[in-house]
Amino acid sequence: MANKIKLGHVHLSGCTGCLVSVADNNLGLIKILDDYADLVYSLTLADVRHIPEMDVALVEGSVCIQDHESVEEIKETRKKSKIVVALGSCSSYGNITRFSRGGQHNQPQHESFLPIGDLIDVDLYIPGCPPSPELIRNVAIMAYLLLEGNEDQKALAGKYLKPLMDLAKRGTSGCFCDLMTDVINQGLCMGCGTCAASCPVRAISLEFGKPQGERDLCIKCGSCYGACPRSFFNFDVMEEFESISEIIAGALK
Ligand code: SF4
Ligand code: SF4
């Protein structure tokens, strides 16, 4: 078996729900930690105090720019990681921390929170509030294949990860308005309803076959745009669907 990769969880201004989603892979997570990855950093789970060298850093939460240590932590993470993953919507898009205004005891000056992509280059996004355990698992396995697999496995992993890398290049803001500007207003919406199913706060309903957003409910997680099959539908991945499913199922046996 090839070398295990070094995996870390970096906790910034997040709620730990993303880490719970990692753990919700149940025995799948144990299998990944047995065979493919060593967890070298996670303040919640392991007694390692300083950020080590990592192959893959799963970063949860946004960055409070009035908190010097958080700003240093994300820069350090970038320096020490081959692949930086924005795990979840706070890290990718700011999410609920977009609404922070400061003024609360006992750090009233802690008012500005940015997605990590506003401070460092991010390699890929796993959006979602919470992100799905399956997507986290798939990314972990594909990152392993990308770094330690044979040439065919590297090529397949590259195809799988590309849409999530494209999402990271696209920007750091997520909200219902993405569906308006980049799907519906472009004449691309086919009324499938996937956006409504993906919204964690039920801010989207379909009226006459078109999504309507309750913007006061929207927590700016970006899930709807990520889930929409007309946002960044990728034929390379869909063409490889069976081999990708087989490789993931095989890896978890
Ligand atoms: S509409 Fe729902 S899924 Fe879309 S960004 Fe807002 S909260 Fe997230
Ligand atoms: S998921 Fe995309 S295509 Fe489907 S209804 Fe929503 S905006 Fe339209």
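All of these numbers come straight from a predicted model, not from anything done at the bench.

### Re the overall build of the protein chain
Working step 1: When you go through the protein chain residue by residue, the secondary structure sums to 11 helices and nine strands.
Working step 2: Taken over the C-alpha trace, the protein chain has a radius of gyration of 18 Å; the compact-globule value for 253 residues is 18 Å, and the two agree within 12%.
Working step 3: The principal-axis extent of the C-alpha atoms belonging to the protein chain is close to 55 × 50 × 30 Å.
Working step 4: Looking at the protein chain as a whole, 43% of its 253 residues are labelled buried.
Working step 5: Surface summary for the protein chain: the accessible area is close to 12800 Å², and the carbon and sulfur share equals 52%.
Working step 6: Averaged over its 23 positive side-chain charges, the protein chain has a centre that lies 2 Å from the centre of its 32 negative ones.

### What to know about the site of ligand 2
Working step 1: In the vicinity of ligand 2, the residues found are Leu 179, Val 183, Cys 189, Met 190, Gly 191, Cys 192, Gly 193, Thr 194, Cys 195, Pro 211, Cys 228 and Pro 229.
Working step 2: Of all the cavities here, the one that holds ligand 2 is the largest cavity.
Working step 3: Split into classes, the residues belonging to the shell around ligand 2 amount to nine nonpolar, three polar and no charged.

### Things to note about the pairing of strand E1 (residues 5-11)
Working step 1: Burial analysis of E1 places five of its seven residues in the buried class, which makes it a mostly covered element.
Working step 2: Relative to strand E2 (residues 37-42), E1 runs parallel, the two sharing five bridges. Bridge assignment links Ile 5 to a residue of E2, and that residue is Ala 37.
Working step 3: One ladder, built from five bridges, connects E1 with strand E3 (residues 54-60); its direction is parallel. When the bridges of E3 are listed, Gly 8 appears paired with Ala 57.

### Concerning helix H3 (residues 68-80)
Working step 1: For H3, spanning 13 residues, the distance from its first C-alpha to its last is 18 Å, which sits close to the expected 18 Å at 1.5 Å a residue.
Working step 2: The complete set of buried residues in H3 reads Ser 70, Val 71, Glu 73, Ile 74 and Thr 77. Take H3 and look down its axis: the buried residues cluster within an arc of 160 degrees, on one side only. Looking at H3, the residues exposed on the side facing more than 90 degrees away from the buried face are His 68, Glu 69 and Lys 79.

### Observations regarding the sheet that holds E1
Working step 1: In space, the five strands of this open sheet follow the order E2-E1-E3-E5-E7, with parallel pairing throughout. At either margin of the open sheet sits one strand with a lone partner, and together these are E2 and strand E7 (124-126). Pairs of neighbouring strands in the sheet enclose a mean axial angle of 25 degrees, with direction left out of account.
Working step 2: Of the strands in this sheet, E1, E2, E3 and strand E5 (81-87) touch H3, which is tilted by about 135 degrees from E5.

### Here's the deal with the site of ligand 1
Working step 1: The immediate surroundings of ligand 1 are formed by 13 residues, with Cys 199, Cys 218, Cys 221, Gly 222 and Cys 224 found nearest.
Working step 2: Its residues placed into classes, the shell around ligand 1 shows 10 nonpolar, two polar and one charged.

### A look at the pattern of salt bridges
Working step 1: Taken as a whole and judged by the stated rule, the model has 11 salt bridges.
Working step 2: Here Asp 35 and Lys 31 are joined by a salt bridge, their closest N and O atoms 2.6 Å apart. Pair noted here: Asp 35 and Lys 31 are both in helix H2 (residues 27-35), with a separation of four residues, about one helical turn.
Working step 3: We classify Asp 35 as buried; its relative accessible area is 16%.

### Concerning the packing of aromatic side chains
Working step 1: Inspection of the entire model under this criterion finds three aromatic pairs.
Working step 2: Judged by centre distance (5.1 Å) and plane angle (70 degrees), the ring pair of Phe 233 and Phe 235 falls under edge-to-face.
Working step 3: Residue Phe 233 is classed as partly exposed on the basis of its relative accessible area, which comes to 43%.
Working step 4: Since its relative accessible area comes to 57%, Phe 235 is described here as exposed.
Working step 5: Seen from the ring of Tyr 225, Arg 170 lies directly overhead, with NZ or CZ sitting 3.8 Å from the centre.

Conventions and cut-offs
Residues numbered from 1 in each chain as written. Chains lettered and ligands numbered in written order. Predicted model: local features only at pLDDT ≥ 70, side-chain atom pairs only at ≥ 80, totals over all residues. Heavy atoms only, no water. Helix = DSSP H or I, 4+ residues; strand = E, 2+ residues; numbered from the N terminus. Rg over C-alpha atoms; globule rule 2.2 N^0.38 Å. Buried < 20%, exposed > 50% of the residue type's maximum accessible area, 1.4 Å probe, protein only. Areas by Shrake-Rupley, 256 points an atom, 1.4 Å probe, with all protein chains shown as cover. Lys, Arg positive; Asp, Glu negative; His and termini not counted. Charge placed at Lys NZ, Arg CZ, Asp CG, Glu CD. Near = heavy atom within 4 Å. 1 Å grid on protein atoms, 1.4 Å probe; cavity = no way out; pocket = protein on both sides within 12 Å on 5 of 7 lines; lining within 4 Å. Sits in = over half its atoms within 2 Å of the grid points. Nonpolar A, V, L, I, M, F, W, Y, C, P; charged D, E, K, R; others polar. Pairing = 2+ DSSP bridges. Expected span 1.5 Å × (residues − 1). Arc of directions from axis to C-beta. Axes fitted to C-alpha atoms, helices over the stretch in contact; angles between N-to-C directions. Contact = heavy atoms within 4.5 Å. Salt bridge = Lys/Arg side-chain N within 4 Å of Asp/Glu carboxyl O. Phe/Tyr/Trp six-rings, centres within 6.5 Å; stacked < 30°, edge-to-face > 60°. Lys NZ or Arg CZ within 6 Å of the ring centre and 35° of its normal.

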